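Coordinate inspection notes
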Amino acid sequence: MEPQSVSIVVSAPREQVFDYLQDIANHPEFTDHYLVDWHLTRIDSVGRGAGARFRVKAPLSRFSWADVTFVEVDRPHRIVEVGRTGKNNRVRTVGVYDLAEAAGGTRVRFTLSTEPHTRSDRFSEALGGRRWVKRKSARSLARLRSILEEGEGRGERIRLAAG
């Protein structure tokens, strides 16, 4: 998929926004409208190597589980997460949070790209998956702004899975 980018300005210092985003246990608070059933992949949920597995509530999706791991954490500028989703986890994903100072706060840009493995994976993306992802990502950034500016709209944080 062509990289899909959305951005928003948050009225908070860049370091505060970065500290919130580098803890993957916070991510369900602003993405739980389309990413659910989160489980950490390790005890430490902060920084490089932190990861989670979750289910994507996409329409017509038979293989909805996905996982991501932070592979680059460059304070306070950038967080890169890589993961897999789809049937047999064959679709590679790369998500990038870029933070930059902006008038009135911090500009947060989230870019998501995928590498579909098969023709059927590419077909399902072409059927509206790109627009759906962009719409859901934009809503998640609006929720992020609401959480950081007003402390409102928080979903539930991840808890470590038992086992």
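All of the points below concern the structure found in this document.

Rules of the game
The residue count restarts for each chain, going from 1 along the sequence in the order it is written. For a predicted model such as this one, the threshold for reporting local features is a pLDDT of at least 70, and the threshold for listing and counting side-chain atom pairs is 80 or more; totals across whole chains, interfaces and linings nevertheless cover every residue. To get the side-chain values, all heavy atoms of the structure are used, and hydrogens and water are removed first. Numbered from the N terminus, helices here are DSSP runs of H or I no shorter than four residues, and strands are runs of E no shorter than two. Only heavy atoms enter the contact rule, under which two residues are in contact if any of them lie within 4.5 Å. For this document, the term salt bridge refers to a Lys or Arg side-chain nitrogen within 4 Å of an Asp or Glu carboxyl oxygen. For each residue, the accessible area found with a 1.4 Å probe, counting protein chains only, is set against the maximum for its type, and the residue is called buried under 20%, exposed over 50%, and partly exposed in between. Directions are taken from the helix axis to each C-beta atom, and the arc is the one they span. In this analysis, rings of Phe, Tyr and Trp, with Trp reduced to its six-membered ring, are considered paired at centre separations within 6.5 Å, and the interplanar angle assigns stacked below 30 degrees, edge-to-face beyond 60, and tilted for intermediate values.

Observations concerning the overall build of the chain
- The helix and strand inventory of the chain stands at three helices and seven strands.
- Along the chain, helices and strands appear, N-terminal first, in the series β-α-α-β-β-β-β-β-β-α.
- Across the chain, every contact between residues at least 6 apart in sequence was considered, and the portion connecting residues at least 24 apart equals 52%.

A closer look at the pattern of salt bridges
- Applying the stated criterion across every chain, the model contains seven salt bridges.
- The residue Glu-101 makes a salt bridge to Arg-14 at a minimum N-O spacing of 3.4 Å. With Glu-101 in strand β6 (residues 91-102) and Arg-14 in helix α1 (residues 14-21), this residue pair connects regions lying 87 residues apart in the sequence.
- Residue classification places Arg-14 among the buried residues on the basis of a relative accessible area of 14%.
- Of the charged contacts in the structure, one is a salt bridge between Arg-78 and Asp-98, with a shortest N-O distance of 3.3 Å. Note that Arg-78 is positioned in strand β5 (residues 78-85) and Asp-98 in strand β6, a separation of 20 residues in sequence.
- Exposure remark for Arg-78: the relative accessible area of 31% places this residue in the partly exposed category.
- By relative accessible area, Asp-98 is classed as partly exposed at 28%.

Structural notes on α1
- Three or more residues of α1 are buried, namely Arg-14, Val-17, Phe-18, Tyr-20 and Leu-21. Down the axis of α1, the buried set is contained in an arc of 160°. They therefore lie on one face.

Re the packing of aromatic side chains
- Per the counting criterion, the structure on display carries three aromatic pairs.
- On the numbers, 6.1 Å between centres and 40° between planes, the contact of Tyr-20 with Phe-30 is tilted. Of this pair, Tyr-20 sits in helix α1 while Phe-30 is found in helix α2 (residues 27-31), placing the two residues ten residues apart along the sequence. The same class applies to Tyr-20 as to Phe-30, namely buried.

So, the environment of Ala-66
- Looking at the element boundaries, Ala-66 is found in strand β4 (residues 65-74).
- Spatially, the C-alpha atom of Ala-66 lies 9.2 Å from that of Thr-93, the residues being 27 residues apart in sequence.
- Contact partners of Ala-66, with chain neighbours within four places excluded, come to Ala-52, Arg-53, Phe-54, Val-56, Arg-84 and Thr-85.

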